[in-house]
Amino acid sequence: MLSRWMSGSSRNLDREYNCTVRLLDDSEYTCTIQRDAKGQYLFDLLCHHLNLLEKDYFGIRFVDPDKQRHWLEFTKSVVKQMRAQPPFTMCFRVKFYPTDPAALKEEITRYLVFLQIKRDLYHGRLLCKTSDAALLAAYILQAEIGDYDPGKHPEGYSSKFQFFPKHSEKLERKIAEIHKSELSGQTPATSELNFLRKAQTLETYGVDPHPCKDVSGNAAFLAFTPFGFVVLQGNKRVHFIKWNEVTKMKFEGKTFYLYVSQKEEKKIVLTYFAPTPEACKHLWKCGIENQAFYKLEKSSQVRTVSSSNLFFKGSRFRYSGRVAKEVMESSAKIKREPPEIHRAGLVPSRSCPSITHGPRLSSVPRTRRRAVHISIMEG
């Protein structure tokens, strides 16, 4: 009996699970992992496949059977986190947006961040006025189809590509005008870098929105950026709090609390309500990780955080990676021949594939800066 149990247990541990990870260019990476494989093992496989060294900005995201998003924790078993039947499907995405994407050491890293922000633009997560939208789209055109060529690009050619959730013919003409007259001669790398520099100046750069409601029942999106915590309502940023002003984050059930200490000893508590306790916990964990990554000087300063008061049983969580300052110092030491980049060109289409995977701020770039409805889509 014991030998049979041990034999069955051994077979269980040796069992392999199929994983598919959707990459930023919409291609897929497939592999098999054993039952006890940690998230770090899968992430390292991906980064090796992508020839990526500046990997701390990225992560693997998945959705559980209840449609709740999660970031894969690298210190825990992949299989135990998934809560779904194999084969497993996940997405490789930017988790921590670089404070200054132009300062990234390697072109391959900048290209992957470019792909992420291009997705953010398409899925309505990067809000911008019409002039900025036209310039960003023109940079994408230049990076992915090259110089304007009247022999290859007939009248209305920009209308064949989808850069935003929706856009007008007037905007399409403006995109083509900039592409034709202002960007000729720019290499893909230069256009991508210019795109990143422009995107980084926008208020919603790096926003990963979490749908919530405020104490009055009004819909809002909470988000963590390289520069701090933001609250968005409609097209307006109603709160922006720098990371050094955030003193504490906690949650109880569906309620999320943000404790803030500002100048002149002004202390406030912001309270928001997530759709479910699981969504609230995810929001809290994202906040803990973002604050640790962007605020701390060293990863040795990271501490385990409790979700609730000392006298109540709550979740405990600890960020396990390096912090931004350490990542930049490590990047500066990279010395290798730049890896070859296989860029995926634009595919003419009026619609792009999407994955039900995360909230989007659905917006239409218009002459007036305004956002419209909100839906749940992937970024």
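Residues numbered from 1 in each chain as written. Predicted model: local features only at pLDDT ≥ 70, side-chain atom pairs only at ≥ 80, totals over all residues. Heavy atoms only, no water.

Caption draft 1: View of the nonpolar core. Among the nonpolar cores identified, the biggest contains 98 residues, and Phe58, Met90 and Phe92 are the most heavily contacted of them. Examining the composition of this core, we find that 10 residues originate from one element, helix H5 (residues 130–145), more than from any other. Non-local contacts of phenylalanine 92, meaning those with residues more than four positions away in its chain, are made with Val21, Arg22, Leu23, Leu24, Phe43, Leu46, Leu50, Leu52, Phe58 and Gly59. Of all hydrophobic cores here, the second largest spans five residues; its members include Val207, Ala223, Val230 and Leu232. (Core = buried A, V, L, I, M, F, W, Y, C linked by side-chain atoms within 4.5 Å. Buried < 20%, exposed > 50% of the residue type's maximum accessible area, 1.4 Å probe, protein only. Helix = DSSP H or I, 4+ residues; strand = E, 2+ residues; numbered from the N terminus. Contact = heavy atoms within 4.5 Å.)

Caption draft 2: The packing of helix H4 (residues 107–122) against helix H7 (residues 188–199), seen in detail. H7 packs onto H4 with a crossing angle of 55° between their chain directions and a minimal axis gap of 10 Å. Comparing the axis directions of H4 and H7 gives the class oblique. Between H4 and H7 the crossing geometry is left-handed. Side by side, H4 and H7 meet where Glu107, Arg110, Tyr111, Val113, Phe114, Ile117, Lys118 and Leu121 of the first sit next to Ala189, Glu192, Leu193, Phe195, Leu196 and Ala199 of the second. Of the residues that constitute the contact of H4 with H7, the class distribution is 10 nonpolar, no polar and four charged. (Axes fitted to C-alpha atoms, helices over the stretch in contact; angles between N-to-C directions. Parallel < 35°, antiparallel > 145°, perpendicular 65-115°, else oblique. Left-handed = near helix turned anticlockwise from the far one by under 90°. Nonpolar A, V, L, I, M, F, W, Y, C, P; charged D, E, K, R; others polar.)

Caption draft 3: Expanded view of the packing of H5 against helix H6 (residues 169–182). Where H5 contacts H6, the axes come no closer than 8 Å and their chain directions differ by 55°. Of the possible angle classes, the one that applies to H5 and H6 is oblique. Handedness of the crossing formed by H5 with H6: right-handed. Contacts between H5 and H6 involve Thr130, Ala134, Leu135, Ala137, Ala138, Leu141, Gln142 and Ile145 from the former and Leu171, Lys174, Ile175, Ile178 and His179 from the latter. Grouping the amino acids of the contact of H5 with H6 by side-chain chemistry returns nine nonpolar, three polar and one charged.

Caption draft 4: Molecular detail of the packing of aromatic side chains. On inspection of all chains with the given rule, the structure shows 20 aromatic pairs. Pairwise contacts between aromatic rings join Tyr57, Phe96, Phe293, Tyr294 and Tyr319 into one cluster. A cation over an aromatic ring shows up here: lysine 250 above the ring of tyrosine 257, its NZ or CZ 5.3 Å from the ring centre. (Phe/Tyr/Trp six-rings, centres within 6.5 Å; stacked < 30°, edge-to-face > 60°. Lys NZ or Arg CZ within 6 Å of the ring centre and 35° of its normal.)

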